[in-house]
Each structure stands twice: as C-alpha cells, then as structure tokens.
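As a plain string of letters, each chain reads:
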Amino acid sequence: MQFQHPEILYFLFLLVIPILVHLFQLRKFKTEYFTNVKFLKELVVQTRKSSKIKKYLLLATRLLLLAALILAFAKPFFIAKDHKDAKNELYIVLDNSFSMQAKGQKGELLKRAVQDLLEHTPEGANFSLLTCTDNYWNTDIKSIQKELQNLKYSATPFQLESILSKIKAHKSAFRKDIVVITDAVGLQSKNTPSKSEDENLYYIISEAEKTNNIAIDSVFINQTMDNFYEIGVKLAAYGEDFNDIPIALFNKNKLVAKTLVNLESKNKVINFTIPKADFHGYVSVSDNSLEYDNCYYFSLSKPQKSNVISIGNNNKSQFLSRIYTDSEFNYSNTELSGLDYNSIEKQDAIVLNELKEIPQALQTTLKSFAEKGGNIIIIPSEEASVSNMNAFLSTISSIQYKTKNSTEKLVTKINFSHPLFSSVFEKQVTNFQFPKTKTSFEISNTSPVVLGYNDQTAFLSSSQSEVATAYVFSAPLNKLNSNFQNSPIVVPVFYNMGQNAQKVGINVLQIGENKPFLVDSKLGKDEIVTVKNNKESFIPLQQLLNNKVKITCNENPKEAGNFGIFNNQVPVNTVSFNYSRTESNLDNINTNSFNNYKEISNVSSIFDTLQANRSDNQMWKLFILLSLLFIILEVLIQKFVK
C-alpha cells in the first residue's frame, strides 16, 4: 500500500493526546468505613470494574477514529495491475458494411451499436472512431453525434487489415486501445495483422437473431431469340424454408413481370423473356433480412452488329462465314497481302487464321487494337515460327507456344465455368463427339484452360486484360489437321469470341471494382464524359482511344442504380452499378480473426472494461467509513455501557 500524501502520517503522533487525557482522568479512591454500607461492597466493586471497561473502550474507539481520519487524509492506495495503460489512446473501429443491416434483439446491428455508443460514452472521453468509409480522429461523442446518427451503410466490405493499418500509421506517444465492433461476417483471418507491443486489442461481436437471407447474385442473357432475350436471374439462398418469395422485373421503374418463387436449393435461376430492345431497369425480391442485395440493376442495349475480320487463306476461313452471319455480324475475310491496316481499329474481333508469320507492322497495330478493347483470336499454322508467334503474344497476353507435337489428341475437357460458355450449356455435358487434332503445339499459360485435351494440355486458352481478351488455339483448325469445324461446340466458341459484350450484352459494373468500361464516343480536345442519374453525378477517370473512351469509376458511385453516360448533355450509353454480394451469407462468421483480441460483451461495458484494471484502488474512502463507524461505536458505548 502506498500513500498519495505520506507527510500527513506524521499526525499519527496525535494519538498520544487521547492516551494522556485518559491518564489524567484516572482518580485515586480513598476508603471510608461506614457500618451501614457493609452489604453494598460487592455492588461497588462491580460498578468500578464496569467503569474501567467503558473508559478503555472509549479510549480504543477514539484512538482508532483519529488514526482512521489521519490515514484517510493521507489517501492510501494500491497500484493497479495495468496502471501504465491509464493514459492509453482509445480507437473504436465500427463496422458499417451491409451485413450490419441484419436485425438483432434490439433492431439493426449498426443502429443499435451507434445508439449504445451515444448513450454510454462518457462526455469527456477522448477517442478516435473509424468506419469502412470515414475517420474521426481525436474527437468526443458530442462532436460526432450528428455524424453517427446519419451514418450510412458502406458499399466497401469491412476490411479490418486496412483500418488497423491506418491506426498504426497514426503516430502517437501513447499506447493504443483498439476496440472493434463488428458482426465478423466475411472476415479473412489470414489478412489480420499481428498484435503490436503498443496495442491492446478488444472486440465486440454483434449477433443477428436470424441469418436467413436471399440475394440476387447476377443477371445474364440465357438465350437469344429472333426478337426476344431470355434473361436469367440467379438467386442465392442462405438458410432454410424460402417459400413464395415474390420477384419482380422493372424497366425504367415500370413493372414488366412478377412471379412467386420457391427455393428448394441454395441456388436457382429464374427466367424472364424481354424484347430485343434497350432495357434499363432492375430485378427485385422481397425478404425480411438484408436489403442491399434485394435489387440487381442492369442495362441491356438494343443489339448492334459486331465487326469481325479474319486474316488468312479464304478457303481455310469459309467455316467462319457460316458462324458470323449477316444478321448479327459485319464479317469479312482478307489475305494478309491485301489487308487494309486502317480497317483494324473499326473491328470488335480479329481472327489470325493460320498465318505463317505475323509481320512487325501488324504486331504493332494489333497491340494497339487490343489496348482499345478488341478481341484477338489466334489459330496457328503448322509452318508458323514459334519465336515469331511468341514475340507477338508477349505483347498482348501471358500465353506462349512451346514445341510442336505430331501426336493425335482428343479434345475432351470443357471448362463450363469459363465466361465463354456462360449461356451455352444448361448442364454439364459429357457424352458429346470429341473433336481431334493431328498436329498441335504445347501451350504455356497461367490462366484456366477453356478447352483441353485428354492428356490435360490446353487446346484453347484465353488471357484476359482490362478491356480485351486474347484467345489462342494450340492447333490448326483446317480439315486436314482437325475435325473441330464439324463439332457442335465450334459455333458457340467462335460466336462468343466474336461478340462485343457491350454491344449485345448486359452492362453491369460493381461498385469499388476498378474495371474499365469502353464507350463508343468521339470526344473533342476539352470534352469529357459524365456518369449520372437522378440522385448522383460524377466524372470518372477516362482515356481517349480514337473513337472510344475508356472510363474507370473506382469508388463511384456511392449508391447502386441505373446510370447514363453523357458527352455534355448527349447520352452515349447506359450502365448499371451494383454492390458486391460478399456479405450476403450471414452464417459466414469468422472469429478466428480475433485470436489476439480480448472479448468485450457489449458496447456499454467498453469504458468499464478498459478502466477496471488501470485505476488505482483508492483506500481513503474505506478509512472514512471506518471513522464514521468508530463515531457510532463511541456514541453507543456512551449510551449503553455503564
């Protein structure tokens, strides 16, 4: 035990005073003999003994009373176990991602956490608050009360590692207390940094009462007909017992179709048929859980013809003319000697069909073509130079040719999950006629194989860049070397490789994903494109590519929806933005991220928990109570002891 004012202990010498007073009060009795008090002798002795006991009791209580008062003023205390952390800085990390929309016992998890912070944070407490989107450094609860009450859900998933890095970068002379308030949905434990020596880590888990949830995962073109599109809406169900779920399709906020769905499995595709025309709307479902994933916005433009040119021998390219028909493509074939280089930039896809050599001038032109969003399809020639082909491939992809192989091979593997086959197969097919090749090249590629041989090597590989794709075959496709032209799979493969997705596909981007988007628009020197709707407007990063503009939206927009792309006030295209669906599964709780943390039960006990082991145990109040007790004892002794 230590004393805050040890000098007051000198007053303990005052304990001599009650002792002296007691001694002065002692009297010597003189004996007087009277015959008539003989029988009172025993009573007198007893009374004199009681008087002595009372005086000793009063002396003891007065000594203890005075000692307790002196000790109380000296303020004794025991040093706290963690007294060195008493001046720590407090950092509160509040998860405001979409999974915090889930409802707990007292409402939505985020709103409940905010309300608890407003109610239980001491007014004089200084702290820093960090969310997925905002940072409030060295503040107090009154200063950020309005911001907390208006805190919105973030399209950015909760990334604990990123927020902790911000706190580490915030220089401070004191140790740090970090309290994380989250539901732990989707946390990646492998990315959680280790605890530093100057940090104390705590966490509070906000638990949802119900984890059932339905999310619209994606929308895609399931089938293309003469005058209609059949679009597929993929639903993902997390939990059990989803019956009679209403799903509705809207075009420009007008109801187009509506139906009820029973989800017997975790994933289900619902099909809608819409006209082949501009569509700018969304699909919505109704459930009693998360709201952010109940709408999926998408834009579908009226189909335009894709421009495809094949460069190579006319006879070897005849099968392409039967695939790239006039109704959907502007297709042409040209010999290398008659190629018009100026026509290349107008194409959407270019097929290099069994060229013996790719000239340097063509390599340079094709590289520029790929950078502007054009797809390149390479069919090698048996007489082609591997070094020449690899020199060109290195400029547009990571694919490389290796040695030539004259062994006959069967094409037996289809990568059904590849985007090239997204709307081709209703189910995985195994009993189809396998095409074969006689002569082929080995292919080196880090990307997944699109079509593969029975020996696990690649027949068709692809390499995706930001805005374009390079497709590379390992073997010549002429009828002397392969029967691939007669295989049923040749049509969807070349058809999808030749399509410009933005001319015939669904225009959808994910908020926060830095994926470029190409817009057909010729801009003047000082002109820019703007992305906007009725609620929001922003200017994206943009790069002029001749008759196209490559835009990158980064963290914009803030809210999902349908947007138009404008050159000044002239609309040039439409695009839709959606939130990432990474937090739709409320059962995906990962508390392994908090192995180095101490758990706190709720928000209201944050400050009690942090101060419990850091405040010195003050004993002076106990001595004050003892003083009062001794005063009461003295009064009782005076009154009841004779």
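Residues numbered from 1 in each chain as written. Predicted model: local features only at pLDDT ≥ 70, side-chain atom pairs only at ≥ 80, totals over all residues. Heavy atoms only, no water.

(A) Spatial organisation of the layout of surface pockets. Here the second largest pocket defines a volume of roughly 1,200 Å³. In this structure, the second largest pocket is lined by 40 residues; those nearest its centre are K535, K558, E559, A560 and Y579. Mapped by element, the contributors of at least two residues to the lining of the second largest pocket are β15 (279-285), β16 (295-300) and β34 (561-567). Here the lining of the second largest pocket takes 4 residues from β34, the largest share from any one element. (1 Å grid on protein atoms, 1.4 Å probe; cavity = no way out; pocket = protein on both sides within 12 Å on 5 of 7 lines; lining within 4 Å. Points joined across faces, edges and corners; volume = space filled by probe spheres on them. Helix = DSSP H or I, 4+ residues; strand = E, 2+ residues; numbered from the N terminus.)

(B) Spatial organisation of the packing of aromatic side chains. Applying the stated rule across the entire model yields 24 aromatic pairs. Following the ring pairs from residue to residue traces out a cluster consisting of F319, Y453, F459, F473, F484 and F494. Here the basic side chain of K532 rests over the ring of F566, its NZ or CZ set 4.9 Å away from the ring centre. (Phe/Tyr/Trp six-rings, centres within 6.5 Å; stacked < 30°, edge-to-face > 60°. Lys NZ or Arg CZ within 6 Å of the ring centre and 35° of its normal.)

(C) Looking closely at empty space enclosed by the protein. Scanning the model with the defined rule gives 5 cavities of 30 Å³ or more in all. Taken as a whole, the largest cavity encloses approximately 60 Å³ of empty space. As for the largest cavity, its lining consists of E345, Q347, F369, K372, G373, G374, N546, N547 and K548. Partitioned by chemical class, the residues of the lining of the largest cavity number 1 nonpolar, 5 polar and 3 charged. (Nonpolar A, V, L, I, M, F, W, Y, C, P; charged D, E, K, R; others polar.)

(D) Quick look at the sheet that holds strand β10 (residues 213-224). An order of β10-β11-β14 is seen for the 3 strands of this open sheet, with the pairing classed as antiparallel. Because the sheet does not close on itself, it has two edges, and the strands there are β10 and β14 (267-275). The mean inter-strand angle of the sheet, taken between neighbouring strand axes irrespective of direction, is 25 degrees. Pairing analysis gives 10 bridges linking β10 to strand β11 (residues 228-238), with the strands arranged antiparallel. (Pairing = 2+ DSSP bridges. Axes fitted to C-alpha atoms, helices over the stretch in contact; angles between N-to-C directions.)

(E) Structural context of unusual backbone geometry. Following N556, the chain continues to P557 via a peptide bond in cis, the omega torsion being -5 degrees. With respect to the secondary-structure elements, P557 resides in the loop between β33 (548-552) and β34. The backbone of N138 shows a phi angle near 45 degrees, a positive value even though the residue is not glycine. Tracing the backbone through its elements, the reader meets N138 in strand β7 (residues 135-139). Classification of N138 as partly exposed rests on a relative accessible area of 45%. At N568, a residue that is not glycine, the phi angle is positive and equals roughly 60 degrees. In this structure, N568 sits in the loop between β34 and β35 (570-578). Classification of N568 by relative accessible area gives partly exposed; the value is 48%. (Buried < 20%, exposed > 50% of the residue type's maximum accessible area, 1.4 Å probe, protein only.)

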